[in-house]
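The chain contents come next:
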Amino acid sequence: MLKLMKLEIKKFKFGGTIKGVIIANLFMLFILLISIYASQTDKEMTLNTYNNIFLFTGILVRATFSIFAAVLISKLIIGEYKNKTINILFTYPINRKKMMVAKLAIVLIFAFTAMIISNIFLNSSLFILNIFTPFIKDSLTPSILMKISINTVIYSVAFSFVSLIPVYVGMQRKSGSATLVTSIIIISLLNSGFKGNSLSSIIIIPIILALIGIVAAYLSIKDVEKSDVVNF
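Residues numbered from 1 in each chain as written. Predicted model: local features only at pLDDT ≥ 70, side-chain atom pairs only at ≥ 80, totals over all residues. Heavy atoms only, no water.

Novice: Can you walk me through the overall build of the protein in this structure?
Specialist: Counting secondary structure elements, the protein contains nine helices and two strands. Tracing the protein from N to C terminus, the helices and strands come up as α-α-α-α-α-α-α-α-β-β-α. Classification of the 232 residues of the protein by burial places 45% in the buried group. Contacts spanning at least 24 positions in sequence make up 82% of the contacts within the protein whose residues lie at least 6 apart. Within the structure as shown, the protein displays about 12,500 Å² of accessible surface, and the carbon and sulfur contribution to it stands at 71%. (Helix = DSSP H or I, 4+ residues; strand = E, 2+ residues; numbered from the N terminus. Buried < 20%, exposed > 50% of the residue type's maximum accessible area, 1.4 Å probe, protein only. Contact = heavy atoms within 4.5 Å. Areas by Shrake-Rupley, 256 points an atom, 1.4 Å probe, with all protein chains shown as cover.)

Given below as structure tokens:
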């Protein structure tokens, strides 16, 4: 499995994806700083405590890299079917399901890792900036840090699996665009709300969707041994 994943990573040259992650993080940091600045004059916004800022950061990161995951699915799976390049892979004496699981594993690991690292980078950046230009009213206590760390891991795991739901739509519609649109719709529904009151804030909902993501991934590859690539 690891060999298959390494081959996929080498084949698709993930250097561009990593650059995209770096650019996305810088852009998210810019968005956060603008939002925090706006909250200083807007009483409706409450980005002046660590809890609220970390909550907003988490939403931003999960939304960004769930969509990144959809792009990866389009590139690694849907695109290969549409371009018929997956025919070459299927000529190898390797189980087709293992190939597909390897591709999905790359998406999962990428989404989870990117979410964790991005949360650490953004929250650390805001903490350091707050030392020089105070804009957060409360102090970063061990309890707040522990709470945000646990939430970050739980939500990153959940949303990594939620990111697999679009693969089923993409395979059914035979469209990378449908994959991306599905991801955007899911993220929009989960994160729409006011002052942190959104569907994603109810932890059981992302967990349920994560289970749906696992089922969607399974349904997408369960008949891959029988499917005819020409049909794409």
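Don't stop here, the text continues.
Novice: What am I meant to see in helix α8 (residues 176–191) here?
Specialist: For an α-helix, the turn length of 3.6 residues means that residues three or four places apart are oriented alike. Here α8 contains 16 residues, and its C-alpha end-to-end distance of 23 Å stays within 8% of the 22 Å for a straight helix at 1.5 Å per residue. Among the residues of α8, those classed as buried are A178, T179, T182, S183, I186, I187, L190 and N191. (Expected span 1.5 Å × (residues − 1).)

Novice: Sorry, what's going on with the nonpolar core here?
Specialist: For soluble globular proteins, nonpolar side chains are generally found buried alongside one another. Counting residues in each nonpolar core, the largest one holds 58 residues, and the members touching the most others are I53, F65, L76 and I77. Mapped by element, the contributors of at least two residues to this core are α1 (2–12), α2 (15–39), α3 (50–82), α5 (96–132), α6 (142–162), α7 (165–173), α8 and α9 (204–221). Discounting chain neighbours no more than four positions away, the residues touching I77 are L72, M100, K103, L104, V167 and M171. (Core = buried A, V, L, I, M, F, W, Y, C linked by side-chain atoms within 4.5 Å.)

Novice: Would you mind showing me how to read the environment of A70 here?
Specialist: Inspection of the secondary structure assignment puts A70 in helix α3. Here the alpha-carbon distance between A70 and P166, two residues 96 residues apart in the chain, equals 6.7 Å. Among all residues touching A70, those that are not within four sequence positions of it are T179, L180 and S183.

Novice: Please clarify how the environment of R62 should be interpreted in this entry.
Specialist: Relative to the helices and strands, R62 is located in helix α3. Other than its neighbours up to four places away in sequence, R62 contacts M115, Y155, F159, I187 and S200.

Novice: Got a minute to help me understand the packing of α1 against α3 in this structure?
Specialist: When two helices pack together, their arrangement is given by the angle between their axes and by how far apart the axes lie. Between α1 and α3, the shortest axis-to-axis distance is 12 Å and the interhelical angle comes to 80°. Taken together, the axes of α1 and α3 lie roughly perpendicular to each other. Two secondary-structure elements touch here, α1 through E8, K11 and F12 and α3 through K75, L76 and E80. A breakdown of the residues in the contact of α1 with α3 according to their chemical character gives two nonpolar, no polar and four charged. (Axes fitted to C-alpha atoms, helices over the stretch in contact; angles between N-to-C directions. Parallel < 35°, antiparallel > 145°, perpendicular 65-115°, else oblique. Nonpolar A, V, L, I, M, F, W, Y, C, P; charged D, E, K, R; others polar.)

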